[in-house]
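Chain by chain, the residues:
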Amino acid sequence: MSAPAALALSGVSFAYAPGLPDVLSDVSLEVAAGSITAVLGANGSGKTTLLRLLLGLLAPTRGEVRVEGRPQRDYSRRDLSQRVGLVPQSEPVAFELSVLEFALLGRAPHLGLLDLPGAADRALALEALERVGLAALHRRAVPTLSGGEAQLATIARALVQQSAILLSDEPTSHLDPANTRRVLEVLRMLGSEGRTVVFTTHDPNLAAAIADHVVLLRDGRVLAAARTAAVLTTERLSATYGMEVEVVQWRGRPLVVPHP
Amino acid sequence: MSAEARPRTGEERRASARLWAIAALLLAGALASAAIGRYPGPFLTPSALAHDELARNLVLDLRVPRILAALLLGATLGGAGAVLQMVFRNPLVDSGFLGVSPGAAFGASLAIVFLGGAPATVQGSAAAFALLGMAASYLIAQRIRFGDWVLRLVLAGIIVSATLSAATGAVKYLADPLRQLPDITFWMLGGLWAITWRDVLHMLPVVLPSLVVLHLMRWRLNVLSLRDETAFSLGVAPGRERLIVVVAAVAATAAVVAKAGQVGWVGLIVPHIARRLVGSDARRALPASMLLGTLFVLACDDVARTVLNGEIPLGLLTSFVGALFFLGVVVRRQVAVRS
């Protein structure tokens, strides 16, 4: 047997309160270390709930989540945050932290309650900003950044966190095409460096663009989970979205075209 | 990339320099405050202190404890304001929020009307109800079933504050209009005229540890100002850690407000000025808020005790100056309110 999966769910169901219907039912899947996985589904299919379960923010009603082979509940919050990082959909910042100060917050899992970040932490933050292409903006206030830059700053913060697994909820849903591409390129770079990336999206073309694997969710159930080309087929997607779509091959990747 | 840090940015150096300048100004202000006052001339010279025993006693027994109380009051209100604004992600919050000040006002009125009105009783009751106001807000927030932690606490704080204000109104209505009502009014105006060494020693054991805890956790406050989900993903226990800093801020506030009455607007306005001067990172913004709060209260108290023959209530001055300042800040668009 090779190395354990980065993330594994076995028989996971989740309801927000007893008596309410399950948002996820009997989900079992494995995310291989070093892969990019897209969780694809329509609005309300349970994508965000799945991500919150992987993050540990929610505990499954039934079933088990394992992180790097160990049950998630055996990790302390601090240990878990050193392994699993989050890039949220958008990050409202109430105060005008500079981009550098913002990225530096990623050191929190590695620092104690009363610690201040030091020179080495600062160097890591600057390095991460360089990697996502924001080094020149490190003195700017985060609220003055464009949507794409803000998202890259959030990714930089997750890099500073140095977790091997990165979860991202709709990382590009509010970005224009150019910024979407910048963010996707950074995510692809992280994947090629051996980080495990799991992101949610309702856009199949986003999944087609960078994901190695796709998990197709509908009504809280896994419809398919396999290599991208195997999941993104005309029949499957038409069934998932409840509308006619066609999958064509374009530059070696699937491209999903809705029928007019 | 080596672990060696690059040099700090110009902004960071300037911000640190400003922080030290504020501290130096504060030290000078505190020393000057000991010398000014109505005895009988406006200034005491060092030679007067050396030869005049009455002047020496005046400084040591009245002015020094009053200056120390102003320092504690200002540092607490400024620091607590900065902490609460960050933790609630709302730049328009201060310790009046969460039922703290309304609780203190109710406790003081209650003691004046029904418990004899001795100073110790009034202070104890004010502190107890300030903490009770906060506890009630917290317990109600836990029972609200929608919104995130911040929204729930804001709603609970509004409910508790309104209830306590109504209760204070009822107590005032029942008060003896010739003896008790003026006492309540004076307490609410706020002031440090009655402060003694004993009062300072009563405040210290609560205020000092609370401010030290907040200061030590200052970088962490940045993380606690993020949304719950993000804070969680950074290994923080958002609810528990916010509770620690809120309790520290509120306990210190209860201790100083019980002695000094309602001294408004310091906690709201000072953190804004501090952030303008040294940036929003709480590593500098929190100490700057404490120092500036102290400077502001000290200056207002100096005016309160020297300008007129009688005292001007301190709370009146801080509210008036604070509101004007806030107007200036808002009109110049230096406050950005974001959700």
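Note that the coordinates shown come from a computational prediction; the quantities given were computed from them, not determined experimentally.

Analysis parameters
Residues numbered from 1 in each chain as written. Chains lettered and ligands numbered in written order. Predicted model: local features only at pLDDT ≥ 70, side-chain atom pairs only at ≥ 80, totals over all residues. Helix = DSSP H or I, 4+ residues; strand = E, 2+ residues; numbered from the N terminus. Rg over C-alpha atoms; globule rule 2.2 N^0.38 Å. Contact = placed C-beta atoms within 7 Å. Buried ≥ 20, exposed ≤ 12 C-beta atoms within 10 Å, placed from the backbone. pLDDT = per-residue confidence, 0-100. Pairing = 2+ DSSP bridges. Axes fitted to C-alpha atoms, helices over the stretch in contact; angles between N-to-C directions. Parallel < 35°, antiparallel > 145°, perpendicular 65-115°, else oblique. Left-handed = near helix turned anticlockwise from the far one by under 90°. Nonpolar A, V, L, I, M, F, W, Y, C, P; charged D, E, K, R; others polar. Core = buried A, V, L, I, M, F, W, Y, C linked by C-beta atoms within 7 Å. Expected span 1.5 Å × (residues − 1).

This part takes up the overall build of chain A. Each helix and strand counted, chain A has 9 helices and 12 strands in total. Computed over its C-alpha atoms, the radius of gyration of chain A comes to 19 Å, within 12% of the 18 Å expected for a compact globule of 260 residues. Summarising its shape, the C-alpha atoms of chain A cover approximately 55 × 40 × 40 Å along the three principal directions. The contacts in chain A between residues at least 6 apart in sequence include a share of 65% that link residues at least 24 apart.

All names here are of chain A. Positive phi is not limited to glycine here, since glutamate 170 has a value of about 45°. Checked against the element boundaries, glutamate 170 lands in the loop between β7 (165-169) and α6 (177-192). Take glutamate 170: there are 20 C-beta atoms within 10 Å of it, and that puts it in the buried class. Notably, aspartate 219 is not glycine yet its phi reads approximately 50°, a positive angle. Within the secondary structure, aspartate 219 sits in the loop between β9 (213-218) and β10 (221-227).

Should pLDDT be low for a region, the predicted coordinates there are not to be read in detail. Residue and element names in this part refer to chain B. Here chain B averages 86 in pLDDT, while 95% of its residues score no lower than 70. Predicted confidence is poor over residues 1-6, with pLDDT under 50, and the contacts of this stretch with residues over four places away or in other chains come to 10 contacts. Reported confidences for the modelled complex are a pTM of 0.88 and an ipTM of 0.91.

Here we come to the sheet that holds strand β1 (residues 7-14) of chain A. Strand-to-strand pairing in sheets goes through backbone hydrogen bonds, with the strands running parallel or antiparallel. Residues and elements named next belong to chain A. Spatially, β2-β1-β4-β5 is the arrangement adopted by the 4 strands of the open sheet, whose pairing is antiparallel. The strands lining the two open edges of the sheet, one partner per strand, are β2 (24-31) and β5 (70-71). Strands in contact with helix α1 (residues 47-55) are β1, β2 and β4 (62-67); relative to β1, the strand with the most contacts, it is inclined by about 120°.

This part takes up the pairing of β9(A). Residues and elements named next belong to chain A. Of all the 6 residues making up β9, 5 are buried; the element is thus mostly covered by neighbouring parts of the structure. With 5 bridges joining them, strand β3 (residues 36-41) and β9 adopt parallel strand pairing. The partner of glycine 41 across the bridge, within β9, is leucine 217. In the sheet, β9 pairs with β10 via 6 bridges, with the strands oriented antiparallel. In the strand pairing of β10, arginine 218 is matched with arginine 221. The turn linking β9 back onto β10 is made up of 2 residues, and aspartate 219 within it adopts a positive phi angle of 50°.

This part is about the packing of helix α5 (residues 147-161) of chain A against α6(A). Residue and element names in this part refer to chain A. Their axes nearest at 9 Å, the elements α5 and α6 cross at an angle of 15°. With respect to α6, the element α5 is oriented roughly parallel. The interaxial crossing formed by α5 with α6 has right-handed handedness. Of the residues in α6, those in contact with Gly147, Gly148, Gln151, Leu152 and Ile155 of α5 are Asn179, Arg182, Val183 and Val186. Partitioning the contact of α5 with α6 into residue classes produces 4 nonpolar, 4 polar and 1 charged.

What follows deals with the nonpolar core. Counting 178 residues, the largest nonpolar core has Ala103(A), Ala156(A), Val83(B), Ala130(B) and Ala254(B) as its most contacted members. Discounting residues that sit within four places of it in the chain, Val83(B) has contacts with Leu214(B), Leu221(B), Val245(B), Ala249(B) and Leu286(B).

Now for the interface of chain B and chain A. At the junction of the two partners, chain B supplies 34 residues and chain A supplies 33 residues. Split into classes, the residues belonging to the side of chain B that touches chain A amount to 14 nonpolar, 10 polar and 10 charged.

Here we take up the packing of helix α3 (residues 53-87) of chain B against helix α8 (residues 197-216) of chain B. Residues and elements named next belong to chain B. Interaxial distance between α3 and α8 falls to 10 Å at its minimum, and their mutual angle equals 30°. As the angle between them shows, α3 and α8 are arranged roughly parallel. Considering how the two elements wind past one another, α3 and α8 form a crossing that is left-handed. Where α3 abuts α8, its residues Pro65, Leu68, Ala69, Leu72, Ala75, Thr76, Gly79 and Val83 lie against Trp197, Asp199, Val200, Met203, Val207, Leu211 and Leu214. Its residues assigned to classes, the contact of α3 with α8 comprises 12 nonpolar, 2 polar and 1 charged.

This brings us to the sheet that holds β3(A). All names here are of chain A. Strand order in the open sheet made by the 6 strands is β6-β7-β8-β3-β9-β10, with mixed pairing throughout. Two strands close off the open sheet at either side, each with one partner strand: β6 (84-87) and β10. With strand direction ignored, the average angle separating the axes of adjacent strands in the sheet is 15°. Relative to β7, β6 is paired through 4 bridges, and the arrangement is parallel. Within β7, the residue paired with valine 87 across the bridge is serine 168. The strands touched by α5 are β6 and β7; relative to β6, the strand with the most contacts, the crossing angle is about 170°. Each of β3, β7 and β8 (196-201) touches α6; the most contacted strand, β8, lies at about 145° to it.

Time to look at helix α1 (residues 10-35) of chain B. The periodicity of an α-helix, 3.6 residues per turn, causes residues three or four places apart in sequence to face the same way. Residue and element names in this part refer to chain B. A rise of 1.5 Å per residue sets the reference length of α1, with its 26 residues, at 38 Å; its end C-alpha atoms lie 38 Å apart and thus fit the reference within 8%. Residues Leu19, Ile22 and Ser33 constitute the buried set of α1. Once α1 ends, the next one or two residues include glycine 37, with phi positive near 150°.

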